[in-house]
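Here's the letter readout for the chains.
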Protein chains: 2
Amino acid sequence: MTPTRPGPSALTPLTEDELRRIDAYWRAANYLTVGQIYLLDNPLLREPLAPEHVKPRLLGHWGTGPGLNLIYAHLNRLIVDRDLSAIFVTGPGHGGPALVANTWLEGTYSELYHSVGRDETGMARLFRQFSFPGGVPSHVAPEVPGSIHEGGELGYALSHAYGAAFDNPDLLVACVIGDGEAETGPLAGSWLSNVFLNPARDGAVLPILHLNGYKIANPTVLDRIPAEELLELMRGYGYQPYVVEGDDPAKVHQSLAATLDRMVDEIAAIQRRARSGGPVERPRWPMLILRTPKGWTGPKNADGKPVEGTFRAHQVPIDEVRSNPEHLAELERWLRSYRPEELFDATGGPVAELAALPPRGDRRMSANPVANGGRLLRDLELPDFRDYAVDVQHPGEPIAGAAGVLGPWIRDVISRNPQTFRLFGPDEVASNRLGAVFEVTDRAFVGDTVPGDDHLSPDGRVMEVLSEHLCQGWLEGYLLTGRHGIFTSYEAFIHIVDSMVNQHAKWLKVTRLIPWREPVASLNYLLSSHVWRQDHNGFSHQDPGFIDHVMNKKAEVVRVYLPPDANTLLSTMDHCLRSRHYINVVVAGKQPAPNWLTMDEAIQHCRRGLGIWDWASSDDGSEPDVVLACAGDVPALETLAAADLLRQHLPELKVRVVNVVDLMRLQPPSEHPHGLPDNEFDTIFTRDKPIIFAYHGYPWLIHRLTYRRTNHVNLHVRGYKEEGTTTTPFDMVMLNDLDRFHLVVDVIDRVPGLAPRAAHLRQEMVDARQSCRDYTRLHGEDDPRVAEWRWVRETEPGLRSGR
Amino acid sequence: MTPTRPGPSALTPLTEDELRRIDAYWRAANYLTVGQIYLLDNPLLREPLAPEHVKPRLLGHWGTGPGLNLIYAHLNRLIVDRDLSAIFVTGPGHGGPALVANTWLEGTYSELYHSVGRDETGMARLFRQFSFPGGVPSHVAPEVPGSIHEGGELGYALSHAYGAAFDNPDLLVACVIGDGEAETGPLAGSWLSNVFLNPARDGAVLPILHLNGYKIANPTVLDRIPAEELLELMRGYGYQPYVVEGDDPAKVHQSLAATLDRMVDEIAAIQRRARSGGPVERPRWPMLILRTPKGWTGPKNADGKPVEGTFRAHQVPIDEVRSNPEHLAELERWLRSYRPEELFDATGGPVAELAALPPRGDRRMSANPVANGGRLLRDLELPDFRDYAVDVQHPGEPIAGAAGVLGPWIRDVISRNPQTFRLFGPDEVASNRLGAVFEVTDRAFVGDTVPGDDHLSPDGRVMEVLSEHLCQGWLEGYLLTGRHGIFTSYEAFIHIVDSMVNQHAKWLKVTRLIPWREPVASLNYLLSSHVWRQDHNGFSHQDPGFIDHVMNKKAEVVRVYLPPDANTLLSTMDHCLRSRHYINVVVAGKQPAPNWLTMDEAIQHCRRGLGIWDWASSDDGSEPDVVLACAGDVPALETLAAADLLRQHLPELKVRVVNVVDLMRLQPPSEHPHGLPDNEFDTIFTRDKPIIFAYHGYPWLIHRLTYRRTNHVNLHVRGYKEEGTTTTPFDMVMLNDLDRFHLVVDVIDRVPGLAPRAAHLRQEMVDARQSCRDYTRLHGEDDPRVAEWRWVRETEPGLRSGR
């Protein structure tokens, strides 16, 4: 029911003929939905339904289907009437068969999957393939045309919808949110995305909360709070809620058509106002609450228990159809209740009247190129990152935080790509030292502002909200619709989106194999507040495990980079923004730190992914006594300092320093396309010398990556072992045995024959650790990073010996 | 301001004297908060502030402090007035110094940390230790008395608060939610926890949304939506919102006191009604919106920029105090504005009047035993799990799903522990085959119910909501306040709470070392919808990586079990519910599956954690030619089938079958307390024979756990390699090369000299894989698990040969 002011014709906008046709279309979609769940053969019911026509194993979700079909049909009407560009985000992801049904009715499905034509054979295949080995998944998977959202894991529909709408001013994103999904935290936190949507610049999101009342076994919370409370909730989120409810199809059709007309009028009015040139304000966007029975038009009862309108309609409402003749008869009655003979012609395709209903060509939601973002993707115009280099005169100078050096480059990426690139972060862009971006843009914000606010405007290109879920969901939606972005976050808290990363990685993996899906831009993480520099945040902010999490994904879609300084970070990020269809994880520091490589060296080093740093080594190109390897900025510093200590105290020891930027290079080529060939690996890491590897994260990852390598048995890894608290940076590395002194001790303990002659040095190192700890406990540190660097710099000539 | 109907005395309930005292207490807490952030010495400002009195490195968060101190002081008044039992959940976790200040004022801090007395020396130590090496973290960390919630990672305050309130009818949980945290998804999804709180049986939660307007660099969303919208939002969540706002301390004190009085009256009335014996309905609980300036009472400006009431007050408002005399003077003015000479006596402790204000003994929020749950923890009364055993006559029979067998035992755990145990899950308890629990209890639900609802009642012990975040947060709150529980979920989607698990693991690790923190019950995960059986859910539901995630945590707090059948699952869960202070992850199937071990065998096997299955082996106790190891129910089935194929076709080959229940046994004892000694490991896995290891999850985890073992070089692991779709269970194992045929091929390829004489068998296996795939593509499967089992059972005599 529309709440107020509708004229008589506005209340029943459909002519009788339109009503009949839209209902027929809905019945056709419902029929095709049921057919997919149940039928192996006899798709048009041209003969009586027999047990062998039914799938032996019944899988799928019926309950949400009729509602999705209803919404889809009515959106199609709007699109045709108003020539809209729209896409459909299906929160209830188990509604796969409904979306497949609609895309088949629209013709898109058959255009993309030639063997599944819009005819009887095609329909039989359509039915059979669903949830069948070798067939199609039961969700709105990437295989479904028009999908940018699978919905297997619930919670992200609305953030994906907003991400798609950003910078797409002419787009309408219809987003169906199941009332189950609405219980999740990420979804609950997505409603207020409207504070970040600029009605002048961005498109519109039309949230449709589908209250069908039940989950698998429970009622839904939003269906069981008072109706008035739900309206308050939606108004509290800033929306103007409309309600359509009922179980009489004719009435619901009229009411839904009238309400959607009104809502889309309102959206158009909002956009007109915002685009008329005045100041942009946050409008009250319309949203729809659609309350219809779960499994509507399905069986009312089964085995004496109510089904339609209950949780029993969630999956397969009638089971054991092959073996139970009553169930078989009930299924046949159900299927025939849609009157398929009126809906499909002799060939098995939709009758002409139905085929004429959907939009044409790219206006079909299933064919809208926005939902196949790779088709629209254009390369970014990237400023030459070499122009932003730190001028490294010799290794270690100058002191500059890597993230701070990167900032101006990102600033210029934003300037040059004013409509296709955004930076996302949970209130941490400035804290992560990327503040240079605010020289050219603001934080997007359409809420109230007051004097003194810092770089807030509706036109901002920086998306800051204290929700990693929203940042991730928005960015995914933005990328999947053909744009680019970076997500910058604290390393520890990026775990908040672990499961979203899983789902995105799965999407990328699957879409690589779908010929009509074009590659999209990579999802780039820049984690510059990392485990080793949480000086006052302490233990709760220390976790480098996101790398491990990502490394479990398919090798073909993930990349992990640990640039040791500013120039390598610049080179790495440039590479990431050019790449396609990956998840790139970049971990780099934001604190003042020494820089090691000139830009030319950095480019070469990044191209190789790992390499020997001759200037820090003392093996003069010959076989070393020990390899000091490192990955990450803090481990690199400690390793260089250890190498320096060894050079001072054990000048005859041949030490090779190796730095790893691209972690995937450690794996064998059989495991990852970046994998270094075994012979090259052996050349660098030797076949039998001890390797002391200082690693940024949990040490066992390095073992996992290298366990097949020749010299793995001599590999000894130091890394984060879950020790930490509020303390100084140098104390942090000591707590985890990653410090320079400990690395020297490791060398002494592991180079054969060295221990006896280096006993004195070993004790010195142990004492140094203790006095550092004592000093720390007594004094804290002023600017410890610089203090530490001085320690290395004082031995500069030694460090520079290789050049 | 209270909204309506307050009498004149209700509006200003504090006498002038009370007002003076509560304000003095607040000033004292604020002074102590600033002192912690800044002062190294001269704690009472008995001499002019000099640079050397100030910490060289200034760390900490001021902005949220004054608000927390205000709320704490006023709650103390309520507690004393009404003899309440209350605890304080600090959502703004960075408010550590504020909470430390209050617990020191109350005396609890000094009782627990003797060296930090309530005197001048103690105060100096209190100040110095904050965010200082060897000192205390800046958050409301476990070290802070009265805390059950650190708040380093934001989003979980309210779910923790509700978890604490469950089954604590006399408890008031005051929960401060920062307006930053309120933007997170998990927090947004927590408000509706009130649909699951039974006012008759559970305690009360008093949410206090502290709108201080800013995050690190941005305004907060909830502060920048219209005030009326925020009220609608809170009403939409089912609360009765009250607003207190202002920046005049005297007025705010009166208003806050009046409003809290009224709210607590309302809570009492709600509880009286609910406990009078009538039907329990969902009340409209009160909640408070407190709008005060960020960094209130702090410096108004610094360096010409406004500070108080802006984001610049978030952390350290005045910096460079040692080097900038103006800043030093400003800090001194600020500190002296609290008039410390009136607040602290000659000894440095609070003056008598202030010391008299807080509650006494365990009524202090910092001393309430509820917030040190281990003190209240009682063992569960556990039914003898052996009584629930599956009667295994010989390996493989009967067919029974492990979770379904466990259900009745959990049912009886619930019956026998009606107030101290709950089962949590995201709408999946029945789907995970634990439906037996509904014979004795219901799902907790205080929303509207309708006829036909399935086991919903306010008294239910099963907590089902479609939010893993809520389940986890509730359970953590429940455990940390001294109770027990199990969280059952899909394996793939438990990643949703990865970061919450991190934080809980950190809490457990740290609290092991805090003498006054008693151990709490373990957090138990039962993941019975696992990666191998997502037949129709497909790829999006397939992810076994939670195990890897958990294994990154400290060895002393995590345990992972993979029981291969029902009896081992019973034994494992009994063990988990008896354990303390761990995170136990148990992965076991819910689908019909063969059972292998009698209960006695299961107990012995679980006690060992891993062992040789003689009855399935053909090495007759001698050195085998090959070891077939397995972990997980599906890998065990495939391994046994492979062993059976080998026995049939290569009867002379000596095969040893090893099953691993407790994954930690694979690690060396130096890495984990459960680690098997090397000599025992070598005895079981041999020193030099090939090991084909069929593992439930990502294969590299097994390498990571065993890379130090003698025979690691001969270890070959099969597991999930991110291949999956909607297909049959057997096809799933084939897609990942974990199937019996592939295991046989692995044996042939890896046992030295075997390949030539087994070439025919190898080809047969390759062909069998192909024909299985062809068959699957053609027919799907009816009940493939049983069909597969038959394959093994037909060779039963062979399998039983060892007995």
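Residues numbered from 1 in each chain as written. Chains lettered and ligands numbered in written order. Predicted model: local features only at pLDDT ≥ 70, side-chain atom pairs only at ≥ 80, totals over all residues. Heavy atoms only, no water.

Colleague: Can you walk me through the overall build of chain A in this structure?
Modeller: Check the secondary structure of chain A and you find 28 helices and 20 strands. Relative to its length of 803 residues, chain A is compact, with a C-alpha radius of gyration of 31 Å against a globular reference of 28 Å. By sequence separation, contacts in chain A at least 24 residues apart represent 78% of the contacts at least 6 residues apart. As displayed, chain A offers around 24,000 Å² of accessible surface, 50% of which is attributable to carbon and sulfur atoms. Computed over 81 positive and 105 negative side-chain charges, the inter-centroid distance for chain A is 3 Å. (Helix = DSSP H or I, 4+ residues; strand = E, 2+ residues; numbered from the N terminus. Rg over C-alpha atoms; globule rule 2.2 N^0.38 Å. Contact = heavy atoms within 4.5 Å. Areas by Shrake-Rupley, 256 points an atom, 1.4 Å probe, with all protein chains shown as cover. Lys, Arg positive; Asp, Glu negative; His and termini not counted. Charge placed at Lys NZ, Arg CZ, Asp CG, Glu CD.)

Colleague: Would you explain helix α6 (residues 120-129) of chain B in this entry?
Modeller: Count 3.6 residues to each turn of an α-helix, and residues three or four apart come out pointing the same way. Residues and elements named next belong to chain B. Within the span of α6, buried status applies to G122, M123, A124, L126, F127 and Q129. Elements that come into contact with the buried residues of α6 comprise α2 (16-38), α4 (96-106) and α5 (108-112). Just past α6, the residue S131 takes up positive phi, approximately 50°. (Buried < 20%, exposed > 50% of the residue type's maximum accessible area, 1.4 Å probe, protein only.)

Colleague: I would appreciate a short explanation of the interface of chain A and chain B in the present structure.
Modeller: Size of an interface: often given as the accessible area lost when the parts come together. On the side of chain B, 118 residues touch chain A, which itself brings 119 residues to the contact. When chain A packs against chain B, close to 9,600 Å² is buried across both sides, 54% of that on carbon and sulfur atoms. Counting the contacts that link chain A with chain B gives 18 salt bridges. With its nearest N and O atoms 3.4 Å apart, the salt bridge here joins A:E722 to B:K506. For the interface between chain A and chain B, the tally reads 57 residue pairs in polar contact (both at pLDDT 80 or more). Looking at the side of chain A that touches chain B, the elements that each hand over two or more residues are α8 (185-188), α9 (227-236), α16 (498-511), α17 (546-551), α22 (700-706) and α26 (759-779) of chain A. In terms of residue count, α16(A) provides more of the side of chain A that touches chain B than any other element does, seven residues in total. A per-class count over the side of chain A that touches chain B returns 41 nonpolar, 43 polar and 35 charged. (Buried area = accessible area lost by both parts, 1.4 Å probe. Salt bridge = Lys/Arg side-chain N within 4 Å of Asp/Glu carboxyl O. Polar contact = N/O pair within 3.5 Å; in protein donor to acceptor, adjacent residues only side chain to side chain. Nonpolar A, V, L, I, M, F, W, Y, C, P; charged D, E, K, R; others polar.)

Colleague: How should the relation of the copies chain A and chain B be read in this particular structure?
Modeller: Here the two chain copies are tied together by a rotation about an axis and a shift along that axis. Between chain A and chain B, the superposition needs a rotation of 180° and an axial shift of 0.0 Å, giving an RMSD of 0.0 Å. What the rotation and shift describe, once combined, is the action of a two-fold rotation axis. A shared binding surface is used by both copies, with 99% of the interface residues of chain A retained as interface residues in chain B. (Least-squares fit on C-alpha atoms with pLDDT ≥ 70 in both.)

Colleague: How should I be thinking about helix α7 (residues 157-165) of chain B in this particular structure?
Modeller: Residue and element names in this part refer to chain B. Taken across its nine residues, α7 has nine buried, putting it largely inside the fold. Within α7, burial applies to A157, L158, S159, H160, A161, Y162, G163, A164 and A165. The positive-phi residue at the C-terminal boundary of α7 is D167, with phi of around 60°.

Colleague: Mind showing me how you'd approach the nonpolar core here?
Modeller: Nonpolar side chains tend toward joint burial in soluble globular proteins. Grouped together as the largest cluster of nonpolar side chains are 370 residues, with contacts concentrated most on A:Y38, A:L663, B:Y38 and B:L663. The residues touching A:Y38, leaving out its near neighbours within four places in the chain, are A:H53, A:V54, A:K55, A:L58, A:V316, A:P317, A:I318, A:V321, A:L331 and A:W334. (Core = buried A, V, L, I, M, F, W, Y, C linked by side-chain atoms within 4.5 Å.)

Colleague: Could you clarify how one ought to interpret the environment of B:Y698 in this entry?
Modeller: Tracing the chain through its elements places B:Y698 in the loop between β19 (691-695) and α22 (700-706). For B:Y698, a relative accessible area of 0% translates into the label buried. Put simply, B:Y698 and B:V661 are 37 residues apart on the chain and 16 Å apart in space, counted from C-alpha to C-alpha. Apart from residues lying up to four places away in sequence, B:Y698 is in contact with A:N552, A:K553, B:D543, B:P544, B:G545, B:D548, B:Y720 and B:E722. Engagement of the side chain of B:Y698 in a polar contact is seen with the side chain of A:K553, the distance being 3.4 Å. Reaching out from B:Y698, the side chain makes a polar contact with the side chain of B:E722 at a distance of 2.6 Å.

Colleague: Is there a simple way to think about a negative patch on the surface in this case?
Modeller: On the surface, A:D303, A:D319, A:E320 and A:E326 cluster together into a negatively charged patch. Locating A:D303 in the fold gives a position in the loop between β6 (301-302) and β7 (305-306). (Patch = residues over 30% accessible without salt bridge, like charges linked within 9 Å, V, L, I, M, F, W, Y side chains within 5 Å.)

Colleague: Sorry if this is basic, but what is going on with the domain arrangement of chain A here?
Modeller: Residues and elements named next belong to chain A. With domains assigned, chain A is organised as domain 1 (20-369), domain 2 (380-385 + 394-593) and domain 3 (609-799). Taken over C-alpha atoms, the centre of domain 1 sits 34 Å from the centre of domain 2. Taken over both partners, the interface formed by domain 1 and domain 2 buries close to 2,700 Å², and the fraction arising from carbon and sulfur atoms is 61%. Interface area lost by domain 1 to domain 2 is led by P142, F196 and R201, which between them contribute 24%. Counting across the interface, domain 1 meets domain 2 through three salt bridges. With a shortest N-O distance of 2.9 Å, D167 and R422 are connected by a salt bridge. Scanning the region where domain 1 abuts domain 2 turns up 21 residue pairs in polar contact (both at pLDDT 80 or more). The element best represented in the side of domain 1 that touches domain 2 is helix α7 (residues 157-165), accounting for five residues. Residues belonging to the side of domain 1 that touches domain 2 are distributed by class as follows: 18 nonpolar, ten polar and eight charged. (Domains from an automatic or database assignment.)

Colleague: How should I be thinking about the sheet that holds strand β5 (residues 286-291) of chain A in this particular structure?
Modeller: Backbone hydrogen bonds hold the strands of a sheet together, and the pairing may be parallel or antiparallel. Residue and element names in this part refer to chain A. The sheet built from five strands is open, its strands ordered β1-β2-β3-β5-β4 with parallel pairing. The open sheet is flanked by β1 (85-90) and β4 (240-245), the only strands paired with a single partner. In this sheet, neighbouring strand axes are inclined to one another by 20° on average, regardless of whether the strands run parallel or antiparallel. The pairing of β4 with β5 spans six bridges and is parallel. Across the sheet, V243 pairs through a bridge with I289, a residue of β5. Docked against the sheet, α9 engages β3 (204-211), β4 and β5, running at close to 155° with respect to β5. (Pairing = 2+ DSSP bridges. Axes fitted to C-alpha atoms, helices over the stretch in contact; angles between N-to-C directions.)

Colleague: So what exactly am I meant to see when it comes to the pairing of strand β20 (residues 715-718) of chain A here?
Modeller: Within a regular beta strand, the side chains point alternately toward one face of the sheet and then the other, so they alternate between its two faces. All names here are of chain A. A two-sided burial pattern is seen for β20, the buried positions comprising L715 and V717 on one face and H716 and R718 on the other. As paired strands, strand β19 (residues 691-695) and β20 are joined by four bridges and run parallel to one another. Bridge pairing in β20 links A694 to R718. The parallel pair β19 and β20, bridged by α22, forms a crossover whose chirality is right-handed. (Right-handed = clockwise from strand over helix to strand, strands pointing away.)

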